[in-house]
Amino acid sequence: MTAALPPARALHSVADLVAEGLVPAADAPVLETVAQAFRVRVTPQMRDAARASDPVARQFVPSAQELTISPNDLADPIGDDAHAPVPGLTHRYPDRVILHVTKTCEVYCRFCFRRETVGETGHLPQAQLDAALDYIARTPAIWEVILTGGDPLVLSARRIAHLMARLNAIPHVGVVRLHTRVPVVVPDRVTDALIAALRLHPAVWVVIHTNHADELTAAARAALARLADAGVPLLSQSVLLRGVNDSVQALETLFRALVRLRVKPYYLHHCDLARGAGHFRTTIAEGQALMAALRGRLSGTCLPTYVLDLPGGFGKVPVGPDYLRHDGERWLVTDLNGGIHGYSDPAES
Ligand code: SF4
């Protein structure tokens, strides 16, 4: 019998997953093929959560379905590369940039839209980081810098502090936003030193990626509380995933849990056209029906915006249910129960 791995070690391979009982040994050969195409990494916290929850396991444990590549699947589904003025930087909208400070993550999600580029290949080299920061400094239209990756919170607190100080020195950068899985998947990285580093910029926002309430372990909840108590505003983004959270109950539970943790649900993403992730994708009509049902049950505080990131780098578009149409004379507005009501604009003067 194979000995269990020590509790603090992340799982990096199919052999690790077999040893931990997360996949049967008989599946190992096909999953090795999957792992050669798309990396595997599961933190100890998510290993434990995956044992207790299929929706968590599906997000991190590879499956043979990932070998099915549909003709619509794309290597760069949201067009990061189409808008890169210098390596490591995406400048798609005039007032904001995405700075890819690392390609490394604490977990590798099986549906990731950057699954072709993420990996344990290290952080953005210093010369490229300097060039990206120079570009930001000489582009006054940039008001917001979004740190992503990979996952920016795999960087040490010392590196984060250095980066925040440099961004704080650029007067036109009003806001720094970090997109991260870390507080959920490896919450003990949210240390006092990390929080102090984040707070070196006066307007830092942290956006948590989480897809199911079963990910919100006691340790994750404590990490989010530490951030909220320190005054760091928290948002969440989730991906609508078949077999994970494509039900009213799963989404309602997740969004209510987040708001109780002082995290505002921000975006529900329609699943991107990442290669080998088609089995996770719902239809847009299914997503709209879920959002319509949730609107009748949850306050606006709990409701994210359902968005599609257009393939090719054309940006995000809200694709939620439509409550409004115009009949040529007046607006027709559909209420939560399907009733239709007329509404007229003020007469033009
Ligand atoms: S943590 Fe984010 S960037 Fe990393 S694999 Fe998951 S979705 Fe992709």
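Residues numbered from 1 in each chain as written. Predicted model: local features only at pLDDT ≥ 70, side-chain atom pairs only at ≥ 80, totals over all residues. Heavy atoms only, no water.

Focus: the side chain of Thr-180
Point 1. Position of Thr-180 relative to the elements: it lies in strand E4 (residues 175–180).
Point 2. The class for Thr-180 is buried, based on a relative accessible area of 2%.
Point 3. In terms of polar contacts, Thr-180 uses its side chain to reach the side chain of Asp-151, at 2.7 Å.
Point 4. Look past the residues within four positions of Thr-180 in its chain and what remains in contact with it is Asp-151, Leu-153, Val-206, Val-207, Ile-208 and His-209. (Helix = DSSP H or I, 4+ residues; strand = E, 2+ residues; numbered from the N terminus. Buried < 20%, exposed > 50% of the residue type's maximum accessible area, 1.4 Å probe, protein only. Polar contact = N/O pair within 3.5 Å; in protein donor to acceptor, adjacent residues only side chain to side chain. Contact = heavy atoms within 4.5 Å.)

Re the domain arrangement of the protein
Point 1. Each assigned domain of the protein is listed here: domain 1 (14–67) and domain 2 (81–318).
Point 2. When each unit is reduced to the centre of its C-alpha atoms, the spacing between domain 1 and domain 2 is 23 Å.
Point 3. Counting from both sides, the interface comprises 21 residues of domain 1 and, opposite them, 31 residues of domain 2.
Point 4. In total, about 2,100 Å² of surface goes out of reach between domain 1 and domain 2, with carbon and sulfur atoms giving 55% of it.
Point 5. Considering only the surface of domain 1 that becomes buried against domain 2, Arg-39, Arg-41 and Gln-59 emerge as the three largest contributors, covering 34% of it. (Domains from an automatic or database assignment. Buried area = accessible area lost by both parts, 1.4 Å probe.)

Digging into the packing of helix H5 (residues 126–137) against helix H6 (residues 157–168)
Point 1. Running from N to C, H5 and H6 point in directions that differ by 25°, and their axes come no closer than 11 Å. When the axes of H5 and H6 are compared, the pair comes out roughly parallel. By crossing handedness, the relation of H5 to H6 is classed as right-handed. Judged by residue contacts, Gln-126, Leu-129, Asp-130, Leu-133 and Ile-136 of H5 engage Leu-163, Arg-166 and Leu-167 from H6.
Point 2. When the residues that make up the contact of H5 with H6 are grouped by side-chain class, the tally is five nonpolar, one polar and two charged. (Axes fitted to C-alpha atoms, helices over the stretch in contact; angles between N-to-C directions. Parallel < 35°, antiparallel > 145°, perpendicular 65-115°, else oblique. Left-handed = near helix turned anticlockwise from the far one by under 90°. Nonpolar A, V, L, I, M, F, W, Y, C, P; charged D, E, K, R; others polar.)

Quick notes on helix H10 (residues 248–260)
Point 1. Over its 13 residues, H10 extends 18 Å from the first C-alpha to the last, a length consistent with the 18 Å expected when each residue adds 1.5 Å.
Point 2. By the burial criterion, the buried members of H10 are Ala-250, Leu-251, Glu-252, Leu-254, Phe-255, Ala-257 and Leu-258.
Point 3. The inward-facing, buried residues of H10 abut helix H9 (218–229), strand E6 (234–240), strand E7 (264–270) and helix H11 (284–295).
Point 4. One or two steps after H10, the chain reaches Arg-262, where phi turns positive at roughly 70°. (Expected span 1.5 Å × (residues − 1).)

Concerning the packing of H10 against H11
Point 1. One way to put it is that H10 packs onto H11 with a least axis distance of 10 Å and a crossing angle of 55°. In terms of orientation, H10 lies oblique with respect to H11. Judged by the twist between their axes, the crossing of H10 over H11 is right-handed. In contact with Val-248, Leu-251, Glu-252 and Phe-255 of H10, H11 contributes Leu-290, Ala-293 and Leu-294.

A few points about the pairing of strand E5 (residues 204–209)
Point 1. Across the six residues of E5, five count as buried, placing the element largely inside the fold.
Point 2. Across five bridges, E4 lies against E5 in parallel orientation. Among the inter-strand pairings, His-179 is bridged to a residue of E5, identified as Val-207.
Point 3. In the sheet, E5 pairs with E6 via four bridges, with the strands oriented parallel. Following the sheet pairing, His-209 is matched in E6 by Gln-237.
Point 4. Between E5 and its parallel partner E6, the chain crosses via H9, and the hand of that crossover is right-handed. (Pairing = 2+ DSSP bridges. Right-handed = clockwise from strand over helix to strand, strands pointing away.)

Points about the sheet that holds strand E11 (residues 331–334)
Point 1. With antiparallel pairing, the three strands of this open sheet are ordered in space as E10-E11-E12. What marks the edges here is a single partner per strand, and that holds for strand E10 (324–326) and strand E12 (340–343). Between one strand and the next, the sheet's axes are offset by a mean angle of 30°, whatever the strand orientation.
Point 2. As paired elements, E10 and E11 share three bridges and run antiparallel to each other. In the strand pairing of E11, Arg-325 is matched with Leu-332.

Focus on the pairing of E7
Point 1. Taking burial as the measure, the seven residues of E7 include five buried ones, the bulk of the element.
Point 2. Of the strand pairs in this sheet, E6 and E7 are connected by six bridges, and their pairing is parallel. By the bridge assignment, Ser-236 is partnered in E7 with Pro-265.
Point 3. In this fold, E6 hands off to H10, which returns the chain to E7; that crossover is right-handed.
Point 4. Bridging between E7 and strand E8 (residues 305–310) involves three bridges; their strand directions are parallel.

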